[in-house]
Amino acid sequence: MIHKFIWPLLTRRGPYVVRPQTVRFFTTGTSYFARAGLNTNRSFLMNLFGGKLQTAELFPYPEPLNEEQKDYARALVDPVHRFFTEVNDAVRNDETSNVNSKTVDALWDLGLLSVYVPPELGGLGLCNVQSVLMAEISGGYDLSLSLMIGAHKSIGTKGILLFGTEQQKQKYLPMLSTGRVFGAFALTEPGTGSDAASVKTKAVLSPDRKHYIMNGSKLWISGGGLADIFTTFAQVETVDPQTGEKRNKMTAFIVERSFGGVTTGPPEDKMGLKCSVTNELFLDDVKVPLENVLGEVGSGFKIAVNILNSGRYGLGAMLSGTMKTCIEKAAEHVTNRVQFQRNLIEFENVQEKLAMMATYHYVAQSLTYMVSGNMDKGSVDFHLEAAVSKVFCTEAAWYVCDEAIQLLGGNGFMKAGGLERFLRDIRVFRIFEGANDVLRMFIALTGIQHAGKDLRELQKAFGNPFGNFGVILAEGSKRLGRKVGVGGTDIGPFVAGELQNAAKQCAESMDVFSKTVESLLLKHGKGITERQFQLARVADCAIDIYAMVSILSRASRAVRLSLPSANQEVLMTQIWCKEASNRVQRNVHRIDSVAFNEHYRRMAVVAKTISERQGVAHQNPLEVN
């Protein structure tokens, strides 16, 4: 219930009305305005940084598909499995660094290269959750081919789907589906890497104002050698109509190879993902028609970020399938392998590995369907959640595959087992579509920036205490509660009875996390951007907390529906929440600890010395001065 002294402020007309965008009520830990259905940010993570519990996109676990959509997805399952078992040859693809034409034709026939394109334009018209199921299947067989598919159907096509005009969609989407023309996403450049906004490629308006003349080069373009249509980004000079100031603004373009001046280099020789070709793209005086600007001039960075955000869950989907296969191979081996007169599964250290591998897979799969499900339900506030899912799933896949190889021993190290190929293919997932180190900074700084806005609103409220009594009371009560250890977050009402202790561990992690974020803001202000040792731990806390709430929601669904796997899901959720809450406490200690701040200072000194010497600065024990 809303406090009786606060309610009049909500309904009062006049100079002392409390503004909806600033007042927040923590009667149950949830924003009053969120519960009232008014306009608010619905992201769980964004609100978590500000000390608020936003459950709109957590509980219940999202189930966006109706029965017809479920049937449509199920109808595709068997044909996709048959393609990967009867048509595709993952070993041959890896050995030859190529996919033969028969396999590519079968992909087009099956529709896997045009899953998002609407049926009226030649595609399958799948939603995000339906496409996740397809990507899971493919990732369990052949990650390299899965990436070739993903580079085209997702980032190679999504720009036109999300930002294209009706004319652009009508022209290009049939080409990218029934026309059997590959698309690619061309953003990265030799000197930019993760600093996407600083691309050097330029597009200059032609004298007749009918074309842009584009010059530059792009690096590591997935599917670049196959593609004939590129979503490409370049700097365009703009003039402020009021000040006359000239500025370069990144702009998105649809570029066809047929425009002329578009060439690609030879395929890169890579550690893994061999059959998914990666090429450099060269743009020499390419004439791009005005009507091929994607979105508005100057909106290129926003478009690039949105394309990447909307596709990141797809990486988790592929890797979920990979992890499943790794676990199956490990389970078969430890069940049948006999050592010291006992099956391997009878040893506790083997049990621990297998249980944690399955738990990591459960979390990764839960995150993938949580993010894609909310997107299908209309979420627009999923950017932090998408980044978290990308970081977690890519690191979980490496862990699971590595542990599977460990359990198989020498057999795991042999090519014939298939895990060696998976391990090589998995490694780059932590680098592309946003390197995980950069995404950790994105997660931490985006969330902290949002929390900082809340604190500024509180400062404004104190400047007008009579007009903002509600916000002061609510925020002050929250902060006081943190200090004395009462009135903490409670997610118990959303969670199954068997998971109440796990829910408590998660809620305690949320409270200590929010307190830590607030403390960092108050202590460092804008200087927080340079505290990257602390920011990395902030991001890790956020990742662990979102993983906890996601599986608490999914496991509660399993209990509610009495699913056959409900007991197993409850056990894995309990395991994860215990492990993750302990990590949160450790990371918070590292953030707050004077001793660890000195520890980080030592690391900085060591790293700078190594950089200056271009290698290790210590001598070999046998070296003589």
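Residues numbered from 1 in each chain as written. Predicted model: local features only at pLDDT ≥ 70, side-chain atom pairs only at ≥ 80, totals over all residues. Heavy atoms only, no water.

In the annotation of an unreviewed UniProt entry, the protein chain is listed under the name Very long chain acyl-CoA dehydrogenase and assigned to Anopheles atroparvus. According to its UniProt record, the protein chain has this under Pathway (unreviewed entry): "Lipid metabolism; mitochondrial fatty acid beta-oxidation." (UniProt positions renumbered as here; feature names shortened; annotations may be inferred.)

### Details of the overall build of the protein chain
A tally of helices and strands in the protein chain yields 20 helices and 10 strands. When each of the 625 residues of the protein chain is scored for burial, the buried share is 53%. Taking the intrachain contacts of the protein chain between residues at least 6 apart in sequence as the baseline, contacts between residues at least 24 apart amount to 75%. Approximately 29,200 Å² of the protein chain is accessible, and the part contributed by carbon and sulfur atoms is 54%. (Helix = DSSP H or I, 4+ residues; strand = E, 2+ residues; numbered from the N terminus. Buried < 20%, exposed > 50% of the residue type's maximum accessible area, 1.4 Å probe, protein only. Contact = heavy atoms within 4.5 Å. Areas by Shrake-Rupley, 256 points an atom, 1.4 Å probe, with all protein chains shown as cover.)

### A word on the side chain of serine 43
Within the secondary structure layout, serine 43 lies in the loop between α2 (32–35) and α3 (44–49). Overall, serine 43 belongs to the buried group, its relative accessible area being 1%. At a separation of 2.8 Å, a polar atom in the side chain of serine 43 contacts the side chain of glutamate 385. Each residue touching serine 43, except ones within four places of it in the same chain, is listed here: Gln54, Asp381 and Glu385. (Polar contact = N/O pair within 3.5 Å; in protein donor to acceptor, adjacent residues only side chain to side chain.)

### Looking at empty space enclosed by the protein
This model, assessed by the stated rule, comprises five cavities of 30 Å³ or more. Roughly 80 Å³ of volume is contained in the largest cavity. Lining the largest cavity, in full, are Val80, Phe84, Leu112, Val115, Met134, Ala135, Ser138, Ser146, Ile149, Lys153 and Met318. Elements with a minimum of two residues in the lining of the largest cavity: α4 (67–87), α7 (128–139) and α8 (143–163). Taken together, the residues of the lining of the largest cavity break down into eight nonpolar, two polar and one charged. (1 Å grid on protein atoms, 1.4 Å probe; cavity = no way out; pocket = protein on both sides within 12 Å on 5 of 7 lines; lining within 4 Å. Points joined across faces, edges and corners; volume = space filled by probe spheres on them. Nonpolar A, V, L, I, M, F, W, Y, C, P; charged D, E, K, R; others polar.)

### Some remarks on the environment of histidine 450
Positionally, histidine 450 belongs in helix α15 (residues 436–463). Taking relative accessible area as the criterion, histidine 450 reaches 18% and is therefore assigned buried. For the pair histidine 450 and methionine 46, spaced 404 residues apart in the sequence, the C-alpha separation amounts to 6.7 Å. Beyond its immediate sequence surroundings of up to four residues, histidine 450 is in contact with Met46 and Lys52.

### What to know about helix α11 (residues 348–376)
Compared with the 42 Å implied by 1.5 Å per residue over 29 residues, the 42 Å span of α11 between its first and last C-alpha is a close match. With 21 of its 29 residues buried, α11 lies for the most part within the structure. (Expected span 1.5 Å × (residues − 1).)

### Side note on the confidence of the model for the protein chain
On average, residues of the protein chain score 88 in pLDDT, and 88% of them reach the 70 mark or higher. Here helix α1 (residues 7–11) is the element of the protein chain with the lowest mean pLDDT, 28, and strand β8 (residues 293–294) is the one with the highest, 98. Between residues 1–39, whose pLDDT stays under 50, and residues either more than four places distant or in other chains, the model counts 56 contacts. (pLDDT = per-residue confidence, 0-100.)

### Examining unusual backbone geometry
Phenylalanine 59 connects to proline 60 through a cis peptide bond whose omega is -10°. As for its placement among the helices and strands, proline 60 is situated in the loop between α3 and α4. Here the phi dihedral of arginine 209 falls at roughly 60°; this positive angle occurs in a residue that is not glycine. Structurally, arginine 209 is set in the loop between β2 (202–205) and β3 (211–222).

### Here we look at the pairing of β2
Examined bridge by bridge, β2 and β3 share four bridges and lie antiparallel to one another. Paired with alanine 203 across the two strands is methionine 214, which belongs to β3. (Pairing = 2+ DSSP bridges.)

### Side note on the pairing of strand β7 (residues 278–289)
Looking at chain direction, β3 and β7 are connected through nine bridges and run antiparallel. Directly across from glycine 216, in β7, lies its bridge partner leucine 283. Where strand β6 (residues 262–264) meets β7, three bridges bridge the pair, whose relative direction is antiparallel. In the strand pairing of β7, valine 262 is matched with leucine 283.

### Some words on the packing of aromatic side chains
Overall, the coordinates contain 15 aromatic pairs when judged by the stated rule. Ring geometry for tyrosine 212 versus phenylalanine 253: centroids 5.3 Å apart, planes at 70°, classification edge-to-face. Here tyrosine 212, found in strand β3, pairs with phenylalanine 253, found in strand β5 (residues 246–256); they are 41 residues apart in sequence, far enough to count as distant. Phenylalanine 253 shares its class with tyrosine 212; the two are buried. Each residue in the set Tyr360, Phe392, Tyr399 and Trp576 is aromatic and connected to the rest through ring pairs, giving one cluster. Its end group placed over the ring of phenylalanine 422, arginine 421 keeps NZ or CZ at 5.4 Å from the ring centre. We note arginine 583 situated over the ring of tryptophan 576; from NZ or CZ to the ring centre the distance is 4.8 Å. (Phe/Tyr/Trp six-rings, centres within 6.5 Å; stacked < 30°, edge-to-face > 60°. Lys NZ or Arg CZ within 6 Å of the ring centre and 35° of its normal.)

### Some points on the side chain of threonine 573
Checked against the element boundaries, threonine 573 lands in helix α19 (residues 566–592). Among the polar contacts made by the side chain of threonine 573, one reaches the main-chain carbonyl oxygen of glutamate 569 at a distance of 2.8 Å. In contact with threonine 573, not counting residues within four places along its chain, are Tyr362, Leu499, Ile551, Leu552 and Ala555.

### Brief notes about the packing of helix α12 (residues 383–408) against helix α14 (residues 419–426)
For the pair α12 and α14, the least separation of the axes is 10 Å and the interaxial angle reads 155°. Between α12 and α14, the angle falls in the class roughly antiparallel. For the pair α12 and α14, the crossing hand works out as left-handed. Facing α12, whose interface residues are Thr394, Ala397, Trp398, Cys401, Asp402, Ala404, Ile405 and Leu408, α14 presents Leu419, Phe422, Leu423 and Ile426. For the contact of α12 with α14, the residue count by class is 10 nonpolar, one polar and one charged. (Axes fitted to C-alpha atoms, helices over the stretch in contact; angles between N-to-C directions. Parallel < 35°, antiparallel > 145°, perpendicular 65-115°, else oblique. Left-handed = near helix turned anticlockwise from the far one by under 90°.)

### Some points on the packing of helix α10 (residues 300–336) against α14
Two elements in contact, α10 and α14, have axes whose closest approach is 11 Å; the angle formed by their N-to-C orientations is 150°. In terms of their interaxial angle, α10 and α14 are classed as roughly antiparallel. The handedness of the crossing between α10 and α14 is left-handed. Residues Leu319, Thr322, Thr325, Cys326 and Lys329 of α10 form the contact with α14, whose own contacting residues are Leu419, Phe422 and Ile426. Looking at the contact of α10 with α14, its residues break down into five nonpolar, two polar and one charged.

### Remarks on the environment of lysine 453
With respect to the secondary-structure elements, lysine 453 resides in helix α15. For lysine 453 and glycine 50, which are 403 residues apart along the polypeptide, the C-alpha to C-alpha distance reads 8.8 Å.

### Thoughts on the state of the cysteines
Working definition of a disulfide: a covalent bond connecting the sulfur atoms of two cysteines. Taken as a whole and assessed by the stated rule, the structure comprises zero disulfides. Cysteine 506 takes part in no disulfide bond, and the closest cysteine sulfur to it belongs to cysteine 577, at a distance of 5.8 Å. Cysteine 506 sits in the buried class, given a relative accessible area of 0%. (Disulfide = S-S within 2.5 Å.)

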